Amino acid sequence: MLIVHTLPDLRSALAAHGRPAFVPTMGNLHDGHLALVRQAKPLGDVLVASIFVNRLQFLPHEDFDSYPRTLEADAAKLRAAGCDVLFAPREQDLYPEPQTFKVQPDPLLADILEGQFRPGFFTGVCTVVMKLFCAVFAGKAQGTAVFGQKDYQQLMVLRRMVQQFALPIELVAGPTQRAEDGLALSSRNGYLSEAERQEAVQLSLALRALAREAVSAAHALPNQVAALEQRAREALAARGWQPDYLTVRRRSDLQPPQVGDALVVLGAARLGTTRLIDNFEV
Ligand code: AMP
């Protein structure tokens, strides 16, 4: 596996290869990331992973400075998972000057849920992913990029970005990898104390319960959904969480559901100082 830090080095590493399969990450890799790498491996001629903690997608009070940076261990895991090229730019490689041009996603999709509680988050995500796509896929006729369903809204926003800019890139979704108790794997799980780690699975359990209730109320969902959501939020709050949202949405555009819509439940909540997110398609 080749490790490169600069755009010119990445381009020359990929010059001899055909279609890239690409897995962007912020590092501190766990089995969720590695599952995406293994899924992506047969989808291209060369497997590229990136590690970059993207300042643009963090709010000033968030964990940009403390986000775990574990490049050496990550590189070993990627090598073992079959990665061919690791692109690990430093900040000055990707943002040599302040990034004043940005990709502004559709507010209907990007200013709700995560975007409501983390204003500007999806602008930061779209901007860095566009930049990474330009770095990896420049000069290539086609490519594939794999993203996790764990970040459900992110995947939808990026699909819309690819569609609206007619990028010659296929986006593929990877299923959420979970710990044995059902907690979705996340780099941020490392922030949890032992007691919080025991408790953390309750977010996914609350979402599963909300999903079950949404199914049994399917015929009257538009009227009942607010009450179901409130009950789910209160149940989690009673356990000491600070929920941002636990909600039932339609899969097509993440708006409140109508009868007959295919559904997804999504949630975000803080346990202590750690903010966790999860979702299930219903
Ligand atoms: P991150 O490093 O958190 O930015 O995530 C990089 C990629 O890994 C994104 O596409 C995430 O959706 C994906 N990912 C994160 N956690 C998981 C998980 N538990 N299962 C599957 N994919 C994941």
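A quick note: this is a predicted structure, and the numbers were derived from the prediction, not measured.

Draft legend 1. How the structure looks around the sheet that holds strand β9 (residues 274-281). In spatial order, the strands read β7-β8-β9; together these three strands make up an open sheet with antiparallel pairing. A strand with exactly one partner marks an edge of an open sheet, and here the two such strands are β7 (242-250) and β9. In this sheet, neighbouring strand axes are inclined to one another by 10° on average, regardless of whether the strands run parallel or antiparallel. Relative to strand β8 (residues 263-271), β7 is paired through eight bridges, and the arrangement is antiparallel. Counted as the bridge partner of Y245 is A268 from β8. Packing of helix α10 (residues 202-216) onto the sheet brings it into contact with β7, β8 and β9, and relative to β9 it is tilted by some 30°.

Draft legend 2. Structural context of the packing of helix α2 (residues 31-40) against helix α3 (residues 71-81). Here α2 crosses α3 at 35°, and the two axes come no closer than 10 Å. Judged by the sense of rotation from one axis to the other, the crossing of α2 with α3 is right-handed. Counted together, L34, V37 and R38 of α2 and K77, L78 and A81 of α3 form the full contact between these two elements. Its residues placed into classes, the contact of α2 with α3 shows four nonpolar, no polar and two charged.

What counts, and at which threshold
- Residues numbered from 1 in each chain as written.
- Predicted model: local features only at pLDDT ≥ 70, side-chain atom pairs only at ≥ 80, totals over all residues.
- Heavy atoms only, no water.
- Pairing = 2+ DSSP bridges.
- Helix = DSSP H or I, 4+ residues; strand = E, 2+ residues; numbered from the N terminus.
- Axes fitted to C-alpha atoms, helices over the stretch in contact; angles between N-to-C directions.
- Contact = heavy atoms within 4.5 Å.
- Left-handed = near helix turned anticlockwise from the far one by under 90°.
- Nonpolar A, V, L, I, M, F, W, Y, C, P; charged D, E, K, R; others polar.

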